[in-house]
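Residue-level listing of the chains:
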Amino acid sequence: MDGELERLESEARLMAALRATFDASVMNFGSYNILYAAGGGAAGDAGRSGESAGDAVQDQISRATHLLVGYRREPREMVLCPADLDEAVQRARGGGEDVEQAPASVPLPVNLTNLAGIAAEGSRLEIALSTGQHVVLDVRRTPTFSRLPGLGEVTIHQERDAADFWTFVDELMDTMESSQDPAAGGGAGSP
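Keep in mind that what you see is a predicted model, and the values were worked out from it rather than measured.

Cut-offs applied
Residues numbered from 1 in each chain as written. Predicted model: local features only at pLDDT ≥ 70, side-chain atom pairs only at ≥ 80, totals over all residues. Heavy atoms only, no water. Buried < 20%, exposed > 50% of the residue type's maximum accessible area, 1.4 Å probe, protein only. Polar contact = N/O pair within 3.5 Å; in protein donor to acceptor, adjacent residues only side chain to side chain. Helix = DSSP H or I, 4+ residues; strand = E, 2+ residues; numbered from the N terminus. Contact = heavy atoms within 4.5 Å. Pairing = 2+ DSSP bridges. Axes fitted to C-alpha atoms, helices over the stretch in contact; angles between N-to-C directions. Phe/Tyr/Trp six-rings, centres within 6.5 Å; stacked < 30°, edge-to-face > 60°.

Chemist: Explanation requested: the environment of Gln-158 in the structure shown.
Modeler: Judged by relative accessible area, which is 3%, Gln-158 ranks as buried. Spatially, the C-alpha atoms of Gln-158 and Arg-140 are 8.0 Å apart, while their sequence positions differ by 18 residues. Within the structure, Gln-158 has its side chain in polar contact with the backbone oxygen of Arg-140 (distance 2.8 Å).

Put into structure tokens, the structure is as follows:
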């Protein structure tokens, strides 16, 4: 029983450290549901000449190994926030106030103004942005990290959040389809 309690405490501390990163990075952080996603090697025009600050943020997000995904239904959007897992583990190991003292990262909002396409298969979600960038997420119900220094093996139990997120993705896909359907009065074919 003590081992189970230690695993639950390690999970709670790691999630608090990750959540603090999101909270430090995203305005109105309290209005988002948040879950962890592994980044998955994205495609895009990395290192373009004349790259804008927005392009640099998108490149950083598309290359991130660990992301926090915030999503909300009103207004309908996602925020992708890169997380430094090593830094979060260090803060989680320290416990106390260290957990809440997270450095901010630069998040990427994803909504109907910059979303060019979205595809889902299994736990994998590919997001195509209007800039040509692609972000690949692996959103698992119970991601497990083995051998985290000072925490051991940690499993994040986000089953309900993951189920709700995939419902959100379905709703987002439906919204995109209806906005692009000329018969529905939107999209490229409308006057």
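Chemist: Can you help me understand the environment of Ala-120 in this one?
Modeler: Tracing the sequence through the fold places Ala-120 in strand 5 (residues 115–121). C-alpha of Ala-120 to C-alpha of Val-136: the two residues are 16 residues apart in sequence and 9.7 Å apart in space. Beyond its immediate chain neighbours, meaning those up to four positions away, Ala-120 contacts Leu-125, Trp-166 and Met-173.

Chemist: Even after reading the chapter, I still don't get the sheet that holds strand 6 (residues 124–129), so can you show me in this structure?
Modeler: By way of backbone hydrogen bonds, the strands of a sheet pair with one another, either parallel or antiparallel. Pairing is antiparallel across the open sheet formed by seven strands, whose spatial order is 4-3-2-1-7-6-5. Looking at strand neighbours, the two that pair on one side only are strand 4 (108–110) and strand 5, the edges of this open sheet. Averaged over all neighbouring strand pairs, the angle between strand axes comes to 30 degrees, with direction disregarded. The pairing of strand 6 with strand 7 (residues 134–138) spans five bridges and is classified as antiparallel. Across the sheet, residue Leu-125 finds its bridge partner in strand 7, namely Leu-137. Along the sheet, helix 4 (residues 159–180) makes contact with strand 1 (33–39), strand 2 (66–73), strand 3 (76–82), strand 5 and strand 6, crossing strand 5 at roughly 135 degrees.

Chemist: It is not clear to me how the pairing of strand 3 should be interpreted in this structure. Could you clarify?
Modeler: Each regular strand carries side chains that alternate between the two faces of the sheet. A large share of strand 3 lies buried, amounting to six of its seven residues. One ladder, built from seven bridges, connects strand 2 with strand 3; its direction is antiparallel. Its bridge partner lying in strand 3, Val-69 is registered against Leu-80. Hairpin connection from strand 2 to strand 3: two residues lie between these consecutive antiparallel strands. Two strands pair when backbone bridges link them, and strand 3 and strand 4 are joined in this way by three bridges, in the antiparallel orientation. Directly across from Leu-80, in strand 4, lies its bridge partner Leu-108.

Chemist: I would appreciate a short explanation of the packing of aromatic side chains in the present structure.
Modeler: Aromatic ring pairs are described here by two measures, namely the spacing of the ring centres and the angle between the planes. Tallied over the entire structure, the rule returns six aromatic pairs. Plain terms: the ring middles of Phe-22 and Tyr-32 are 5.9 Å apart, the flat faces sit at 75 degrees to each other, and that makes the pair edge-to-face. Separated by 10 residues along the polypeptide, Phe-22 in helix 1 (residues 2–25) and Tyr-32 in the loop between helix 1 and strand 1 bring together distant segments of the chain. Overall, the relative accessible area of 0% leaves Phe-22 in the buried class. Here the aromatic rings of Tyr-36 and Phe-145 are separated by 5.2 Å at their centres, their planes lie at 80 degrees, and the arrangement is edge-to-face. With Tyr-36 in strand 1 and Phe-145 in strand 8 (residues 144–148), this residue pair connects regions lying 109 residues apart in the sequence. Phe-145 shares its class with Tyr-36; the two are buried. Cluster of aromatic residues (ring-pair linked, three or more members): Tyr-71, Phe-165, Trp-166 and Phe-168.

Chemist: Is there a simple way to think about the side chain of Glu-77 in this case?
Modeler: You can see Glu-77 is positioned in strand 3. In contact with Glu-77, other than residues within four places in its own chain, are Tyr-32, Gly-70, Tyr-71, Arg-72, Pro-109, Val-110, Asn-111 and Phe-168.

Distances and angles like these do not, on their own, reveal function.
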